[in-house]
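# Descriptive analysis of the structure
The lines below spell out each chain.
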Amino acid sequence: MQRTWRDWNPAPGFPALAREDLYLNEELHARRDFEYATSAQGGAQYGNVTKIIEWGNGGATKLRTTLRTYFPNATPSVYIVNKVAEERILNGSEVCQRDTFYTYDNATDFHTPPTSKGLPHQVLGPYSATYGCGYSGSTLSRFEYTDSYGNQTLAEDAHGRKTRTTYDHIFHAFPVSVSVEAASEYNGATRPTLTTTNAYY
């Protein structure tokens, strides 16, 4: 039998999940602890989870720590305060294993708060323990929203492969064409562009 026990902490000013325990056959199997540090979310409390510690072996062995940093925009006309700018994964010994950065609304620096809609623009990294964690600006993926409805019209991966999407002209919500463009030549041969067309009735 499996059950989950959750503890809540009202200290941040709202019902914040503080601990989650997983029991198997009435024995503690795994545990997760949650923190909401204001220093990692622009100096104020917006209710964002800034640290997750995962435990195994009945809650006795630390397995992984996730650290998240936010740069909120609390301007009333925008008020986007929940977008992750950096996510760092540490192993049980607190050694960084992965570091990923995110930018929004056409920003190129992950320190820049969202300015309009909070739409993802770039994913930078991830950096691994092999190459060292930290920010260098290498782009893993990139997104564009060139229509006036906030739809994602282009996605580009780290290899330069681009996916372009167009949407219907009535609701502006349904993709009618998705084209995947080749990143470059493959073994001397030009890769074709693959296009999928959708029809709605």
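Residues numbered from 1 in each chain as written. Predicted model: local features only at pLDDT ≥ 70, side-chain atom pairs only at ≥ 80, totals over all residues. Heavy atoms only, no water.

### Considerations on the overall build of the protein chain
A count of helical and extended segments in the protein chain gives zero helices and 13 strands. Reading the protein chain from its N terminus to its C terminus gives the helix and strand order β-β-β-β-β-β-β-β-β-β-β-β-β. Computed over the C-alpha atoms, the radius of gyration of the protein chain is 21 Å, more than 25% above the 17 Å expected from 2.2 N^0.38 for a compact globule of 201 residues. By principal-axis analysis of the C-alpha atoms, the protein chain measures approximately 55 × 45 × 40 Å. Counting all 201 residues of the protein chain, 32% fall into the buried class. The long-range share in the protein chain, meaning contacts at least 24 apart out of those at least 6 apart in sequence, stands at 24%. Carbon and sulfur atoms make up 52% of the accessible area of the protein chain, which amounts to about 12000 Å² in all. Distance from the positive charge centre (18 side chains) to the negative charge centre (21 side chains) of the protein chain: 1 Å. (Helix = DSSP H or I, 4+ residues; strand = E, 2+ residues; numbered from the N terminus. Rg over C-alpha atoms; globule rule 2.2 N^0.38 Å. Buried < 20%, exposed > 50% of the residue type's maximum accessible area, 1.4 Å probe, protein only. Contact = heavy atoms within 4.5 Å. Areas by Shrake-Rupley, 256 points an atom, 1.4 Å probe, with all protein chains shown as cover. Lys, Arg positive; Asp, Glu negative; His and termini not counted. Charge placed at Lys NZ, Arg CZ, Asp CG, Glu CD.)

### Quick look at the packing of aromatic side chains
Tallying each qualifying case throughout the model produces five aromatic pairs. Centroid distance Phe-14 to Tyr-36: 5.7 Å. Interplanar angle 85°. Geometry classified as edge-to-face. Of this pair, Phe-14 sits in the loop between strand S1 (2-9) and strand S2 (16-24) while Tyr-36 sits in the loop between strand S3 (27-35) and strand S4 (51-56); the two residues are 22 residues apart in sequence, bridging distant segments of the chain. Given a relative accessible area of 23%, Phe-14 falls into the partly exposed group. On the accessibility criterion, Tyr-36 (15% relative accessible area) is buried. Consider the rings of Phe-101 and Phe-110, whose centres lie 4.6 Å apart with planes at 55°: the pair is tilted. Considered together, Phe-101 and Phe-110 belong to a single accessibility category, that of buried residues. (Phe/Tyr/Trp six-rings, centres within 6.5 Å; stacked < 30°, edge-to-face > 60°.)

### A word on the nonpolar core
Core analysis: the largest hydrophobic core is formed by six residues, namely Ala-16, Leu-17, Phe-34, Tyr-36, Val-49 and Ile-52. In contact with Tyr-36, other than residues within four places in its own chain, are Phe-14, Ala-16, Leu-17, Gln-41, Gln-45, Gly-47, Asn-48, Val-49 and Thr-50. With five residues, the next largest nonpolar core counts Ala-85, Phe-101, Phe-110 and Tyr-127 among its residues. (Core = buried A, V, L, I, M, F, W, Y, C linked by side-chain atoms within 4.5 Å.)

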